[in-house]
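Structural description and commentary
If you want the building blocks of each chain, they are given just below.
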Amino acid sequence: MDAIYPVTALQKQQGEVKKAAQAGIVRITENGKGAYVFCSEEVFERMMQQVAEDAASEARLAALVNRGHADIAAGRVFRGTQAAMDEVEKRMHGHA
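Residues numbered from 1 in each chain as written. Predicted model: local features only at pLDDT ≥ 70, side-chain atom pairs only at ≥ 80, totals over all residues. Heavy atoms only, no water.

Here the focus is the pairing of strand 2 (residues 26–30). Two strands pair when backbone bridges link them, and strand 1 (residues 3–6) and strand 2 are joined in this way by four bridges, in the parallel orientation. Counted as the bridge partner of Ala3 is Val26 from strand 2. Of the pairings in the sheet, the one linking strand 2 to strand 3 (residues 33–38) comprises five bridges and is antiparallel in character. Residue pairing for strand 3: Ile28 is matched across the bridge by Tyr36. Between strand 2 and strand 3, which follow one another and run antiparallel, lie two residues, and Asn31 among them has a positive phi close to 55°. (Pairing = 2+ DSSP bridges. Helix = DSSP H or I, 4+ residues; strand = E, 2+ residues; numbered from the N terminus.)

In structure tokens, the structure reads:
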């Protein structure tokens, strides 16, 4: 859960807010409503790295799904487990 502080805490509780920002995202409210997000540079970099990794993972998954759809459309499919295992065996022994 993100830490939440009123905007006045930036002046009155600076040390506490900074410590919370070193651990994660700090949400700053104004008049009881969310207004700002605050974090340390290290937290920001870590979050951006995670976002980049998630996006790359999603792109790889989408590419695999698209490849699967193309294989199905082209008839490159195996009906049943045994047919798939036979093809694996065939490819393992260089008969592909």
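And the narrative resumes.
We now examine the sheet that holds strand 2. Read from one edge to the other, the open sheet built from three strands follows the order 1-2-3, with strand pairing classed as mixed. Strands at the two margins of the open sheet, each flanked by one partner only, are strand 1 and strand 3. Going across the sheet, the axis of each strand differs from the next one's by a mean of 35°, ignoring polarity. Against the sheet, helix 2 (residues 14–23) touches strand 1, strand 2 and strand 3, its axis set at about 150° to strand 1. (Axes fitted to C-alpha atoms, helices over the stretch in contact; angles between N-to-C directions. Contact = heavy atoms within 4.5 Å.)

Glancing now at a nonpolar patch on the surface. Together, Phe44, Met47, Met48 and Val51 line one region of the surface with nonpolar side chains, adding up to about 350 Å² of accessible area. Relative to the assigned elements, Val51 resides in helix 3 (residues 41–73). (Patch = residues over 30% accessible without salt bridge, like charges linked within 9 Å, V, L, I, M, F, W, Y side chains within 5 Å. Areas by Shrake-Rupley, 256 points an atom, 1.4 Å probe, with all protein chains shown as cover. Salt bridge = Lys/Arg side-chain N within 4 Å of Asp/Glu carboxyl O.)

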